[in-house]
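Spelled out from the first residue to the last, the chains are:
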Amino acid sequence: MKKISILFAMLVAVISLNSCKDDTYPRFNPPTVFELNTPALANEYYELTEEGTVNLSWSQPNYGYAAAATYAVQVSLAEDFADFKELASTYVVCDAHVKSKEIAEAICILRGIDSEEAYVDEPARKLYVRVRAFIDGIEGSEILSNVIVLNQVKEYCAIQSPGYIYLIGNVGGWTGPDAANAGALADWRLFESDNAIGSKIYSGVFDMPAGELIFRFYTELTGWDGGASVGLQAEDNPIDVTLVDGAAKEQLVAPGKGSIRIPEWEGGAMKIVVNMNDLTVTLEAGGVDTNGKAFIYLVGAPSGWTQPSEANAAHYEAWKLYDLEDNGVYTATFDIPAESFQFRFYKELTDWDGGASYGSQVEDAPIDITMTDGVFAGDATDGKGSWNLPGWEGGKVAISVDTKNNKVTFTKK
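This one's a predicted model, so the numbers in the text were calculated from it and none came from an experiment.

## Notes on the overall build of the protein
Alright, step 1. Of the regular secondary structure elements, the protein holds 2 helices and 29 strands.
Alright, step 2. Each principal axis of the C-alpha distribution contributes one length, and for the protein these read about 85 × 75 × 55 Å.
Alright, step 3. Residues classed as buried in the protein amount to 41% of the 413 residues present.
Alright, step 4. For the protein, the exposed surface amounts to about 21300 Å²; the carbon and sulfur share of it is 50%.

Structure, rendered in structure tokens:
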């Protein structure tokens, strides 16, 4: 009987230990509470300047453990945030000095000011602020804070210009990413498109010498260890990348110091696109600089049938066709997954029914097509009819859209 009692007591102890472990192990909970603090000076006069900052603080969302969240500040001129702008800088701490310049740029955008000539000076205004928190790679982690108001914010004419990041590596002599080297690194910048300012998608075409290439990216010139590096891994060791048919797409890490290494580059132009929204980099041998060129969008199954609205402009950066010759002919090559060859085009992101759709027919219904020797050529018109290729096995397709003659050509690569 005593043995049974002892065994029972040991079993209870083991269960108790396991229960304690379960209770203390960090587990993610979708957050429900996230508080942005109202600054003590919320009713005072804020004069925004080129170099100034506005201090904001907030509590960490209740994720269930001390999660490494990322925070983005959003501002609006309306209390209900019917129209708002998310600032470019993000933060990993709960006490941030937000750049006045970014706030002033956002106010100009919200006012519809796109040039110095259009700017009209106005008195200080109410500015509504909230913060978006999220954990990279964890679904359900995003949460918006409460809204606070700064009652007297005086902006200035801050017309937003394309953002940029830096390519740092052996091609540039490993020049240090320091503010003092800004001039020396000016030619090694990747820029946002003039037509997509604030997209956080940066591109550039660089003439790379033959031989081994090693490089990574820096979002700011804050030194080697300033936390602004973007690479293939956190560790400061390069990773080999192989170009297949002259192209490659890789996942990035930020911050990350693992450089891209191409052991045997043949030399010549390379187009590089860094998308800081999904942390990817695309390399293309012989790429063409598309900055400033007119474009249209592919909308359909390959792009996830994502709503063609300005809110999704960043998503559609990867689905642009460009008029490289300024002749009304838009071209691009896309990798279209199997059973996903159904799409049309949009000349602007004016939503589904904004009148910018361009397709196979006026009616909103797909038309089945076939390829002969890997090529389809047909008519196009202002309308919502998609082209659909049944049984598509997947692969790259070169697309040409001639908007002057209303013709399209799809060529399997």
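That covers the picture; the talk isn't over yet.
## What to know about the confidence of the model for the protein
Alright, step 1. Residue-level pLDDT values for the protein average 90, and 94% of them are 70 or greater.
Alright, step 2. Predicted confidence is poor over residues 1-23, with pLDDT under 50, and the contacts of this stretch with residues over four places away or in other chains come to 1 contact.

## Quick notes on the pattern of salt bridges
Alright, step 1. Under the definition given, this model contains 19 salt bridges.
Alright, step 2. Lysine 99 is the partner of glutamate 220 in a salt bridge, and the nearest nitrogen-oxygen pair spans 3.8 Å. In this pair, glutamate 220 is assigned in the loop between strand 12 (211-218) and strand 13 (229-230) and lysine 99 in strand 5 (residues 95-99), connecting sequence segments 121 residues apart.
Alright, step 3. Residue lysine 99 is classed as partly exposed on the basis of its relative accessible area of 36%.
Alright, step 4. Residues aspartate 326 and lysine 293 are paired through a salt bridge, measuring 3.4 Å at the closest nitrogen-oxygen approach. Placement of aspartate 326 in the loop between strand 20 (320-322) and strand 21 (329-336) and of lysine 293 in the loop between strand 18 (280-285) and strand 19 (295-300) is noted, with a sequence separation of 33 residues between them.
Alright, step 5. The class of lysine 293 is partly exposed, set by a relative accessible area of 21%.
Alright, step 6. If you follow the salt bridges from partner to partner, you end up with Arg111, Glu122, Arg125 and Glu155 in one network.

## Quick notes on unusual backbone geometry
Alright, step 1. Residue proline 255 is bonded to the preceding alanine 254 through a cis peptide linkage, with omega at -5 degrees.
Alright, step 2. Assignment of secondary structure puts proline 255 in the loop between strand 15 (247-251) and strand 16 (260-265).
Alright, step 3. Here the phi dihedral of lysine 200 falls at roughly 65 degrees; this positive angle occurs in a residue that is not glycine.
Alright, step 4. The backbone phi angle of aspartate 351 is positive, close to 75 degrees, even though this residue is not glycine.
Alright, step 5. Here aspartate 351 shows up in the loop between strand 22 (342-346) and strand 23 (357-359).

## Topic: the nonpolar core
Alright, step 1. Formed by 34 residues in total, the largest nonpolar core has its most connected members in Trp58, Val73 and Val129.
Alright, step 2. Secondary structure elements with two or more residues in this core: strand 2 (53-57), strand 3 (70-76), strand 4 (84-91), strand 5, helix 2 (100-111), strand 6 (125-134) and strand 8 (148-154).
Alright, step 3. If one sorts the elements of this core by residue count, helix 2 sits on top with 5 residues.
Alright, step 4. In this structure, Trp319, Tyr322, Tyr330 and Phe410 belong to the second largest nonpolar core, which totals 31 residues.

## Things to note about the pairing of strand 29 (residues 407-412)
Alright, step 1. Pairing geometry for strand 25 (residues 375-379) and strand 29, over 5 bridges, is antiparallel. For alanine 377, the partnering residue across the bridge sits in strand 29 and is threonine 409.
Alright, step 2. Note that strand 28 (residues 395-402) and strand 29 share 6 bridges and pair antiparallel. Paired with aspartate 402 across the bridge in strand 29 is lysine 407.
Alright, step 3. Adjacent in sequence and paired antiparallel, strand 28 and strand 29 are bridged by 4 residues, among which asparagine 406 carries a positive phi angle near 55 degrees.

## Structural notes on helix 2
Alright, step 1. The end-to-end C-alpha distance of helix 2 is 16 Å, a good match for the 16 Å that 12 residues give at a rise of 1.5 Å each.
Alright, step 2. Where burial is concerned, most of helix 2 is hidden: 10 out of the 12 residues are buried.
Alright, step 3. Those residues of helix 2 hidden inside the fold are in contact with strand 2, strand 3, strand 4, strand 5, strand 6 and strand 8.

## Examining the environment of threonine 175
Alright, step 1. Within the secondary structure layout, threonine 175 lies in the loop between strand 9 (164-169) and strand 10 (189-191).
Alright, step 2. Apart from residues lying up to four places away in sequence, threonine 175 is in contact with Ile168, Asn181, Ala184, Leu185 and Trp224.
Alright, step 3. Of note is the side chain of threonine 175, whose polar atom sits 2.9 Å from the backbone oxygen of glycine 172.

## Quick notes on the packing of aromatic side chains
Alright, step 1. On inspection of all chains with the given rule, the structure shows 24 aromatic pairs.
Alright, step 2. Ring plane angle 50 degrees and centroid distance 5.4 Å describe the contact between tryptophan 58 and tyrosine 71, whose orientation is recorded as tilted. Highlighted residues: tryptophan 58 in the loop between strand 2 and strand 3 and tyrosine 71 in strand 3, separated in sequence by 13 residues. Each member of the pair, tryptophan 58 as well as tyrosine 71, carries the same accessibility label: buried.
Alright, step 3. Seen from their ring centres, phenylalanine 295 and tyrosine 322 are 5.9 Å apart, and the 65 degrees between their planes marks the pair as edge-to-face. Residue phenylalanine 295 is located in strand 19, and its partner tyrosine 322 is located in strand 20; the two are separated by 27 residues in the primary sequence. In this pair, the class of phenylalanine 295 matches that of tyrosine 322, namely buried.
Alright, step 4. One aromatic cluster in this structure is built from Phe341, Phe343, Phe345, Phe376, Trp387, Trp392 and Phe410.
Alright, step 5. Over the face of the ring belonging to phenylalanine 84 we find arginine 130, whose NZ or CZ atom lies 4.8 Å from the ring centre.
Alright, step 6. Its end group placed over the ring of tyrosine 164, arginine 189 keeps NZ or CZ at 4.7 Å from the ring centre.

Conventions used here
Residues numbered from 1 in each chain as written. Predicted model: local features only at pLDDT ≥ 70, side-chain atom pairs only at ≥ 80, totals over all residues. Heavy atoms only, no water. Helix = DSSP H or I, 4+ residues; strand = E, 2+ residues; numbered from the N terminus. Buried < 20%, exposed > 50% of the residue type's maximum accessible area, 1.4 Å probe, protein only. Areas by Shrake-Rupley, 256 points an atom, 1.4 Å probe, with all protein chains shown as cover. pLDDT = per-residue confidence, 0-100. Contact = heavy atoms within 4.5 Å. Salt bridge = Lys/Arg side-chain N within 4 Å of Asp/Glu carboxyl O. Core = buried A, V, L, I, M, F, W, Y, C linked by side-chain atoms within 4.5 Å. Pairing = 2+ DSSP bridges. Expected span 1.5 Å × (residues − 1). Polar contact = N/O pair within 3.5 Å; in protein donor to acceptor, adjacent residues only side chain to side chain. Phe/Tyr/Trp six-rings, centres within 6.5 Å; stacked < 30°, edge-to-face > 60°. Lys NZ or Arg CZ within 6 Å of the ring centre and 35° of its normal.

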